[in-house]
Amino acid sequence: MDRRTGQGVTADPRVTVIGATRNARPVTRLTYASFRRHTPEPVRVLVADNGSTDGTLDDLRRLDWVTVFSLDERKRRAREEALEARRTLRKLKKKMDALVAECPAGQRFLLEKLRTGVEIVLPTDSELCQHSTALDWLAPQVDTPYFLLLDSDVEFLAPGWLSDLVDLAEAEGLAAVGEFEPGRFPCQDRLATYLLLLRTDAFRGLGVPFRQVLRFGDPREEERWYARARHHVLDPSAFDGFPSAAFYDTAAALFEEMQRQEVPWKPFPPGVAAKFRHLGQMSWSADAHDDYVGVELLRAHVRVAGEYARTRLRDQYDGGLPGWQPC
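Remember, predicted model here, so these are calculated numbers, not experimental data.

Here's the deal with the side chain of Asp49
Tracing the backbone through its elements, the reader meets Asp49 in strand S2 (residues 43-49). Of the side chains bearing the opposite charge, Arg74 lies closest to the buried Asp49, which forms no salt bridge; the N-O distance is 6.5 Å. There is a polar contact of 3.0 Å between the side chain of Asp49 and the backbone nitrogen of Gly51. If we ignore the near neighbours within four places in the chain, the residues touching Asp49 are Thr21, Thr56, Leu57, Phe69, Ser70, Leu71 and Arg74.

Take a look at the structure:
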């Protein structure tokens with residue numbers, strides 16, 4: 001139990017909070033200041049910073065109740081994991097060589113393709129700093145019955161929101177509680193990731209990552225897409241002329257698999273939804289390209305949200321989070 005706030009942060013937590021942020025300092029401060037104030041339940045909090053340059057990472061590192069992973073640390077670990085996987089693959093190939101040598105010629109031909117077609121690819125820097133990639137990196141570290149996706153653009157307004165979600169999930173045997181976000185071409189339906197409670201064993205049983213996926217029903221369209229001039233895939237106008245395209249934003253493929261397997265979920269009850277506010281669109285705004293059709297509206301929204309967050313921090317939270325001085 002934290003003596004300053006009364007918040008339990010280590011005693012048998014049932015929920016791990018995982019989130020990612022990048023260059024959204026005021027709203028990130030507001031998210032974790034309001035989370036700290038309105039979440040008395042014991043929790044673990046894991047946050048991946050995706051390369052912030054505005055002081056967000058320094059702010060998060062000052063919170064002793066948050067475990068923070070910098071982009072540099074994740075790059076180092078990714079390199080180490082890739083090197084270890086390559087060493088393991090070399091050992092497996094040596095063993096396979098001996099087995100293949102004993103097989104009939106037809107089998108040797110087929111197995112040779114398998115032996116030579118496996119490659120361990122190190123993620124690029126641009127892939128590692130994606131929101132969905134960060135969530136996929138954090139999720140395997142969860143060791144609690146539930147985990148909660150939390151974007152860095154949520155303001156919590158009242159206590160009880162987390163216990164309400166867990167109680168609902170346990171009472172009704174739900175694998176997820178969140179907000180349904182209908183798709184519009186080419187984006188597919190999903191459960192919004194700004195605040196999403198998932199039962200850990202059910203999530204792992206689905207075997208689907210959070211990463212974004214782009215699929216085409218027409219191979220000719222797929223060939224044309226990858227031969228075109230590069231556009232930002234979050235801009236729906238980039239898919240004009242590609243009617244078979246299907247873009248799975250973060251967790252959309254997960255939601256599709258939940259539906260296929262008839263995994264139970266429910267939307268936020270109104271009483272719970274009234275206990276938080278979503279400022280919106282912060283998780284990818286730092287990556288918006290200048291040629292994105294809505295870039296000016298997006299950046300205007302980010303400015304307004306930043307001013308709102310600074311005002312709320314000043315008026316409600318003494319300028320920052322417990323344990324630090326306002327800048």
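Once the structure has been displayed, the description carries forward.
Concerning the nonpolar core
Across soluble globular proteins, nonpolar side chains have a tendency to be buried as a group. Ranked by internal contacts, the top residues of the largest apolar core, which has 33 residues, are Phe35, Val45, Leu148, Leu150, Leu195 and Leu197. For this core, the secondary-structure elements that each account for two or more residues are strand S1 (15-21), helix H1 (25-38), S2, helix H2 (56-61), strand S4 (146-150), strand S5 (154-156), helix H7 (161-172) and strand S9 (195-199). A total of 6 residues in this core trace back to one element, the largest contributor, which is H7. Non-local contacts of Leu150, meaning those with residues more than four positions away in its chain, are made with Val17, Ile18, Gly19, Ala20, Thr31, Tyr32, Phe35, Phe156, Thr193, Tyr194 and Leu195. With 32 residues, the next largest nonpolar core counts Ala48, Leu135, Ala139 and Ala252 among its residues.

Some details on the packing of aromatic side chains
Taken as a whole and assessed by the stated rule, the structure comprises 20 aromatic pairs. Between Phe35 and Phe156, the ring centres sit 5.8 Å apart and the planes meet at 70°, which makes this aromatic pair edge-to-face. Remark: Phe156 occurs in strand S5 and Phe35 occurs in helix H1; sequence separation between them is 121 residues. Arranged with centres 6.3 Å apart and planes meeting at 65°, the rings of Phe216 and Phe242 form a pair that is edge-to-face.

Here we look at the pattern of salt bridges
A complete count under the given rule lists 19 salt bridges for this structure. Residue Glu257 pairs with Arg260 through a salt bridge whose shortest N-O separation is 2.7 Å. Highlighted residues: Glu257 and Arg260, both in helix H10 (residues 252-260), separated by 3 residues, approximately one helical turn. Note on Arg260: relative accessible area 61%, which makes it exposed. Ionic pairing is found between Glu307 and Arg310, a salt bridge with its closest N-O pair at 2.8 Å. Remark: Arg310 and Glu307 occur in helix H13 (residues 295-316); sequence separation between them is 3 residues, near one turn of the helix. One salt-bridge network, held together by shared partners, links Arg25, Arg29 and Asp59.

Some points on the confidence of the model for the chain
For the chain, the average pLDDT comes to 86, and 87% of its residues sit at 70 or higher. With pLDDT under 50 throughout, residues 1-10 is counted as low confidence; its partners more than four residues away or in other chains account for 22 contacts. Contacts from residues 323-327, a stretch scored under 50 in pLDDT, to residues over four places away or in other chains number 13 contacts.

About the criteria used
- In this convention, every chain numbers its residues from 1, walking through the sequence in written order.
- Only residues with pLDDT of at least 70 are given local features in this predicted model, and only at 80 or more are side-chain atom pairs given and counted; all residues enter the totals for whole chains, interfaces and linings.
- Just so you know, side-chain values use all the structure's heavy atoms and leave hydrogens and water out.
- Runs of H or I in DSSP of at least four residues are treated as helices and runs of E of at least two as strands, each being numbered from the N terminus.
- Exposure categories follow from relative accessible area, calculated using a 1.4 Å probe and restricted to protein chains: below 20% of the type maximum is buried, above 50% is exposed, and the middle band is partly exposed.
- When charges are counted, Lys and Arg contribute as positive and Asp and Glu as negative, whereas His and the chain ends are disregarded.
- The salt bridge definition used is simple: a Lys or Arg side-chain nitrogen within 4 Å of an Asp or Glu carboxyl oxygen.
- Polar contact is the term for a pair of N or O atoms within 3.5 Å; when the atoms are in protein, one must be able to donate a hydrogen and the other to accept it, and sequence-neighboring residues count only if both atoms are side-chain atoms.
- Working rule for contacts: check all heavy atoms of both residues, and any pair within 4.5 Å makes them a contact.
- As used in this record, nonpolar core signifies buried Ala, Val, Leu, Ile, Met, Phe, Trp, Tyr and Cys residues forming a set joined through side-chain atoms within 4.5 Å.
- Side-chain rings of Phe, Tyr and Trp, where Trp is taken by its six-membered ring, are said to pair if the distance between their centres is within 6.5 Å; with planes under 30 degrees apart they count as stacked, over 60 as edge-to-face, and otherwise as tilted.
- Residue-level confidence of the predictor is what pLDDT reports, using numbers from 0 through 100.

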